[in-house]
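Understanding the architecture of this molecule
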Amino acid sequence: MSTVRERSVPREAARRRPATPAGSPRGPGGAGRGTPWPYLLIAPAVLGMLYLLLYPLGRALLISVQDFRLRQLILGDAEFVGLRNYRTLLGDPEFWEVVRRTFVFMAVCVVAIMVLSTLVALMTERLGRVARTVVLSSLVLVWAVPVVAATTVFQWLFHSEFGIVNEILTGLGLDSYEGYTWFAHGGTAFAIVVVLIVWQSVPFAAITLYSALVTVPAELYESARMDGAGGTRVFRSVTFPLIRPIFMLVLSLEVIWTFKAFVQIWVMTRGGPGEATTILPVYAVQTALSGQRYDLGSAASMLTVLLMSGVLVLYFRQLFRQEGEQL
């Protein structure tokens, strides 16, 4: 009898449960499928984001097909010229030299970032709890440094008279670096900018890859080692296939990050010496400000967006093709 009574209690409770009124929220958490309230609540944020993203892009696209200089900026009587600004840029050898330099800069930075980030993530995974906490905390602190502040510190480090780099090299007996002007030479200025970008990018990539590494089951490592696989073979056959989606995501983000690098170069060298550190974003600003050719600067910006989008489309297309072959 006790069993029958215990089973009858839920049935009686279910019978006494009040019916859900029409139009009231249903489902887990009170979220109703037919109510517009969730969409109304997020609508201001979505509309604000779309405005901040789409309006500047549309405005730049409009200016790029107009004759828009200082006079038009003040009076607002810009004339529509179609694709003339794009033809001017595409017919300029200097523009194509900047494109080549941009892709070289992006390739060097991305390769260095991904290699160093992977090594740091693998090292962090093998450390003890205290050492791992120190490393991760240091990466977060480096990541939190403002871009302009970090760029200014790098300028001080490589200062010709008061920089600590020249002081250290001179102390090691390399007297040729006494008073050496790093930013007066194209090759050294380019290298310093690359080091700065890599230094700022490695923390995010390393922490993200480390979070992917800790999800790899330890049993797979043990099985691979029992089969006689070395460290390199374990990484190639076990670790990398499992963290590959995160690795590719980080790679695509770093391509975007390095392709649009502007603040560091503008604060440190303004694209100099000469044009040694001028990449597409810097070239667009220089073109717009030097002769008040805002139309050419906008056209350069739109071409930058198209080139970066083309690189990402080709990259994701190859990625999806490889995933399809594996399936």
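So, a few notes on the structure that sits alongside this text. (Residues numbered from 1 in each chain as written. Predicted model: local features only at pLDDT ≥ 70, side-chain atom pairs only at ≥ 80, totals over all residues. Heavy atoms only, no water.)

Structural notes on the overall build of the chain
Helix and strand content of the chain: 14 helices and two strands. Here the chain, with 327 residues, has 35% of them falling under the buried criterion. By sequence separation, contacts in the chain at least 24 residues apart represent 66% of the contacts at least 6 residues apart. Counting every atom, the chain has about 20,300 Å² of accessible surface; 67% of that belongs to carbon and sulfur. (Helix = DSSP H or I, 4+ residues; strand = E, 2+ residues; numbered from the N terminus. Buried < 20%, exposed > 50% of the residue type's maximum accessible area, 1.4 Å probe, protein only. Contact = heavy atoms within 4.5 Å. Areas by Shrake-Rupley, 256 points an atom, 1.4 Å probe, with all protein chains shown as cover.)

Focus: helix α7 (residues 147–157)
Taken as a whole, α7 has its buried residues at Ala 150, Thr 151 and Phe 154. Here the buried residues of α7 occupy an arc of 100 degrees about the axis, which is enough to place them on one side. Against the buried residues of α7 lie α9 (186–213) and α12 (263–268). (Arc of directions from axis to C-beta.)

Focus on unusual backbone geometry
At the junction of Gly 272 and Pro 273, the peptide bond is cis and its omega measures out at -5 degrees in the coordinates. Mapped onto the elements, Pro 273 comes out in the loop between α12 and α13 (280–290). In this structure, Arg 270 takes a positive phi of about 55 degrees despite not being glycine. Here Arg 270 lies in the loop between α12 and α13. Looking at Arg 270, the relative accessible area reads 51%, which means it is exposed.

Observations regarding the pattern of salt bridges
Counting across every chain of the model gives seven salt bridges. With a closest N to O distance of 3.9 Å, Arg 84 and Asp 67 form a salt bridge. With Arg 84 in helix α4 (residues 84–90) and Asp 67 in strand β1 (residues 66–67), the pair connects residues that are 17 residues apart, well separated along the chain. Because the salt bridges share partners, they merge into one network encompassing Asp 67, Arg 69 and Arg 84. (Salt bridge = Lys/Arg side-chain N within 4 Å of Asp/Glu carboxyl O.)

A short note on the packing of aromatic side chains
With the rule as written, the count across this model stands at 16 aromatic pairs. With 5.6 Å between their ring centres and 80 degrees between their planes, Phe 103 and Phe 259 make a pair best called edge-to-face. Linking Phe 103 in helix α5 (residues 93–126) with Phe 259 in helix α11 (residues 231–259), this pair joins segments that are 156 residues apart in sequence. The class for Phe 259 is buried, based on a relative accessible area of 1%. Measuring from centroid to centroid gives 5.4 Å for Phe 158 and Trp 182, while their planes differ by 75 degrees, and the two rings are edge-to-face. Here Phe 158, found in the loop between α7 and α8 (164–171), pairs with Trp 182, found in the loop between α8 and α9; they are 24 residues apart in sequence, far enough to count as distant. With respect to class, Phe 158 is no different from Trp 182; both count as buried. A connected cluster of aromatic rings, assembled from ring pairs, spans Phe 154, Phe 158, Tyr 177, Tyr 180, Trp 182 and Trp 199. (Phe/Tyr/Trp six-rings, centres within 6.5 Å; stacked < 30°, edge-to-face > 60°.)

Looking at the environment of Gly 187
Inspection of the secondary structure puts Gly 187 in helix α9. Note on Gly 187: relative accessible area 56%, which makes it exposed. In sequence terms Gly 187 and Pro 273 are 86 residues apart; their C-alpha atoms lie 9.4 Å from each other.

Points about the side chain of Glu 254
Considering the arrangement of structural elements, one finds Glu 254 in helix α11. Despite its burial, Glu 254 pairs with no opposite charge; the closest candidate is Lys 260, at 9.8 Å N-O. (Lys, Arg positive; Asp, Glu negative; His and termini not counted.)

Let's talk about the packing of helix α6 (residues 129–144) against α9
When two helices pack together, their arrangement is given by the angle between the helix axes and the distance between those axes. Closest axis-to-axis distance for the α6/α9 pair is 8 Å, and the angle between their directions is 135 degrees. Classed by the angle they form, the pair α6 and α9 counts as oblique. Judged by the twist between their axes, the crossing of α6 over α9 is left-handed. In this structure, α6 uses Arg 132, Leu 136, Leu 139, Val 140, Val 142 and Trp 143 to contact α9, whose residues at the interface are Trp 199, Gln 200, Pro 203, Phe 204, Ala 206, Ile 207 and Tyr 210. Residue composition of the contact of α6 with α9, grouped by class: eleven nonpolar, one polar and one charged. (Axes fitted to C-alpha atoms, helices over the stretch in contact; angles between N-to-C directions. Parallel < 35°, antiparallel > 145°, perpendicular 65-115°, else oblique. Left-handed = near helix turned anticlockwise from the far one by under 90°. Nonpolar A, V, L, I, M, F, W, Y, C, P; charged D, E, K, R; others polar.)

Thoughts on a nonpolar patch on the surface
A cluster of nonpolar side chains, Tyr 39, Leu 41, Ile 42, Val 46, Leu 47, Met 49, Leu 50, Leu 53, Leu 54, Leu 57 and Val 305, forms an exposed patch at the surface whose accessible area comes to about 1,100 Å². The element contributing the most residues to the nonpolar patch is helix α2 (residues 37–64), with ten residues. (Patch = residues over 30% accessible without salt bridge, like charges linked within 9 Å, V, L, I, M, F, W, Y side chains within 5 Å.)

Here's the deal with the nonpolar core
Counting 67 residues, the largest nonpolar core has Leu 89, Phe 95, Phe 105, Met 114 and Trp 182 as the members making the most contacts within it. Here the element with the most residues in this core is α9; it accounts for 14 residues. Among residues more than four places away in sequence, those in contact with Leu 89 are Phe 95, Tyr 283, Leu 296, Ala 299, Ala 300 and Leu 303. (Core = buried A, V, L, I, M, F, W, Y, C linked by side-chain atoms within 4.5 Å.)

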